[in-house]
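Inside the fold
What follows is the residue order along each chain.
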Amino acid sequence: MTTRELDAAGITDPALREAYTHCRRLNARHGKTYFLATRLLPVERRPAVHALYGFARWADDIVDDLGSDAPPERRRALLAELDHRLTEGLRNGTSPEPVVRALAHTAAVHDIDHRHFTDFMASMTSDLEVTDYPTYEHLRAYMHGSAAVIGLQMLPILGTVVPRGEAAPHAAALGEAFQLTNFIRDVGEDLDRGRVYLPADLLAAHGADRSLLLWSRTTGRRDRRITAALRSATDLTRSVYRTAVPGIPMLDPVARPCIRTALILYGGILRAVEEDGYAAVHRRAVVPRRRRAAVALDGLVRLTAARLTAPRAGRPNDPPAPGHPPTGTRRPAPRQRA
């Protein structure tokens, strides 16, 4: 993490700076789309977003990327240990675990509801036991903790020009849309992990099921029923994006280019899946680097315009300007402990 970002965020404690830097590395290495969009945020808000990503990535790695030979009991024990450290960290405002230390500080500074982290850990734990979902409603219950709460965690950092509760449903929908996009792109890799996130009723509506997906993954052969199901899942995901879009004007003007760019970039993943003939069971679709760069450049232009024209009222911790509703307040930064 650049010194500029940490200094702008008022993070001075050496151990805390290193914790945030660790989270930034995780974001840059594993969340390229997310990281690119984050670069469009005001510099002082980036560390908090990296902290949220770093913690989520740490938990996700325990569930999925600990090593193919790691037994479920080992994963469950490590996740329970992380959950314990999370609880203690949120209570004490610090932790010996770097990702929890940064997260606890971010949660305190931005007054993020601790229930969002509890719900997230519940969904991560369910991944150790639940391998498919009979209906979309069952999947949405899982996504509340795994994706919707990420959008809700972000709101206090981004700032809003309306009461936060008004923007919350749209933020939650955007989190769900991003995750649905990942489910479509990663359907083959998820099969290798023993999971199917496409709802069984959606698959069945097109004559597909888990066994057909496995057959296709194993043999490398295509099937029109799978193509139809993935097309339907893509249409469903776009409908969730449409629910999320009205929330963007509710954000602080200087935060809008970041979220608009993230939305376009993730939407580009769906487009890449389409252009690849819905072959996600066999390979991961990739958005061309040139296309991503063009989107990022447009976001930078929008950000520059927003900084030149936006009143300071949209920024967290600033008093509202006349005619603008409060954005919500943050607690004073806690004492930074190692």
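Residues numbered from 1 in each chain as written. Predicted model: local features only at pLDDT ≥ 70, side-chain atom pairs only at ≥ 80, totals over all residues. Heavy atoms only, no water.

Section: the overall build of the chain
The number of helices and strands found in the chain is 15 helices and zero strands. At a minimum sequence separation of 6, the contacts of the chain that also span at least 24 residues come to 71%. For the chain, the computed accessible surface area is about 15,200 Å², with 54% contributed by carbon and sulfur atoms. (Helix = DSSP H or I, 4+ residues; strand = E, 2+ residues; numbered from the N terminus. Contact = heavy atoms within 4.5 Å. Areas by Shrake-Rupley, 256 points an atom, 1.4 Å probe, with all protein chains shown as cover.)

Some remarks on the pattern of salt bridges
It is possible for side chains bearing opposite charge to pair when their charged atoms get close. Applying the stated rule across the entire model yields 26 salt bridges. The partner of Arg238 in a salt bridge is Glu274, and the shortest N-O contact between them spans 2.8 Å. Here Arg238, found in helix α13 (residues 224–244), pairs with Glu274, found in helix α14 (residues 256–275); they are 36 residues apart in sequence, far enough to count as distant. A relative accessible area of 28% means that Glu274 is categorised as partly exposed. Among the charged side chains, a network of salt bridges with common partners joins Glu5, Arg24, Arg39 and Arg46. (Salt bridge = Lys/Arg side-chain N within 4 Å of Asp/Glu carboxyl O. Buried < 20%, exposed > 50% of the residue type's maximum accessible area, 1.4 Å probe, protein only.)

Overview of the environment of His50
Within the fold, His50 resides in helix α4 (residues 46–64). Judged by relative accessible area, which is 0%, His50 ranks as buried.

Quick notes on the packing of aromatic side chains
For the coordinates displayed, the defined rule picks out seven aromatic pairs. Consider the rings of Tyr133 and Tyr142, whose centres lie 5.4 Å apart with planes at 40°: the pair is tilted. By the burial criterion, Tyr133 is buried, and Tyr142 matches it. Members of the aromatic cluster, each reached through a chain of ring pairs, are Tyr133, Tyr142, Phe183 and Tyr197. (Phe/Tyr/Trp six-rings, centres within 6.5 Å; stacked < 30°, edge-to-face > 60°.)

So, the confidence of the model for the chain
Per-residue confidence for the chain gives a mean pLDDT of 87; residues scoring 70 or more make up 83%. Segment residues 312–338: pLDDT under 50, and 62 contacts once partners within four positions in sequence are set aside and those in other chains are kept. (pLDDT = per-residue confidence, 0-100.)

Section: the packing of helix α5 (residues 72–92) against helix α7 (residues 115–126)
Look at α5 against α7: their axes get within 11 Å of each other, and the N-to-C directions meet at 180°. By the angle class used here, α5 and α7 are roughly antiparallel. Contacts between α5 and α7 involve Leu79, Leu82, Asp83, Leu86 and Leu90 from the former and Phe117, Met121, Met124 and Thr125 from the latter. (Axes fitted to C-alpha atoms, helices over the stretch in contact; angles between N-to-C directions. Parallel < 35°, antiparallel > 145°, perpendicular 65-115°, else oblique.)

Structural notes on the nonpolar core
In this structure, Phe55 and Leu139 are the most contacted members of the largest nonpolar core, which totals 97 residues. Beyond its immediate sequence surroundings of up to four residues, Phe55 is in contact with Leu82, Leu86, Val99, Val100, Leu103, Phe120 and Met121. (Core = buried A, V, L, I, M, F, W, Y, C linked by side-chain atoms within 4.5 Å.)

Digging into the packing of helix α8 (residues 136–158) against helix α9 (residues 164–185)
At a closest axis distance of 7 Å, the pairing of α8 and α9 adopts a crossing angle of 120°. The angle between the axes of α8 and α9 places the two elements in the oblique class. In the crossing of α8 with α9, the sense of the turn from one axis to the other is right-handed. Of α9, the residues touching α8 (which contributes Tyr136, Leu139, Arg140, Tyr142, Met143, Ser146, Ala147, Ala148, Gly151, Leu152, Leu155 and Pro156) are Arg164, Ala167, Ala168, Ala171, Ala172, Gly175, Glu176, Gln179, Leu180 and Phe183. Taken together, the residues of the contact of α8 with α9 sort by class into 15 nonpolar, four polar and three charged. (Left-handed = near helix turned anticlockwise from the far one by under 90°. Nonpolar A, V, L, I, M, F, W, Y, C, P; charged D, E, K, R; others polar.)

A closer look at helix α12 (residues 210–219)
Regarding α12, the residues found buried are Leu212, Leu213 and Ser216. End-on, the buried residues of α12 take up no more than an arc of 100°, which puts them together on one face. Residues of α12 that are buried sit in contact with α10 (187–192), α11 (200–204) and α13. Positive backbone phi, approximately 80°, marks Gly220, located one or two places after α12. (Arc of directions from axis to C-beta.)

A closer look at the environment of Ala9
Checked against the element boundaries, Ala9 lands in the loop between α1 (3–8) and α2 (14–30). With a relative accessible area of 32%, Ala9 lands in the partly exposed category. Taking C-alpha positions, Ala9 is 8.6 Å from Ala48, a pair spaced 39 residues apart along the chain. Beyond its immediate sequence surroundings of up to four residues, Ala9 is in contact with Glu44 and Pro47.

Here we look at unusual backbone geometry
You will see that Asp111, though not glycine, has its phi angle at about 55°, which is positive. Owing to a relative accessible area of 31%, Asp111 belongs among the partly exposed residues under this scheme. The phi torsion at Tyr278 lies on the positive side, around 55°, for a residue other than glycine. Inspection of the secondary structure assignment puts Tyr278 in the loop between α14 and α15 (289–309).

Points about α5
Relative to the 30 Å expected for 21 residues at 1.5 Å per residue, α5 spans 30 Å between its end C-alpha atoms, a close match to the ideal helical length. What α5 keeps buried is the set Arg75, Leu78, Leu79, Leu82, Leu86, Gly89 and Leu90. Buried positions in α5, seen along its axis, are confined to an arc of 105° and lie on one side of it. Exposed side of α5, more than 90 degrees from the buried face: Glu73, His84 and Arg91 are the residues found there. Taken together, the buried residues of α5 touch α4, α6 (98–110) and α7. Immediately beyond the C-terminal end of α5, within one or two residues, lies Gly93, with a positive phi of roughly 85°. (Expected span 1.5 Å × (residues − 1).)

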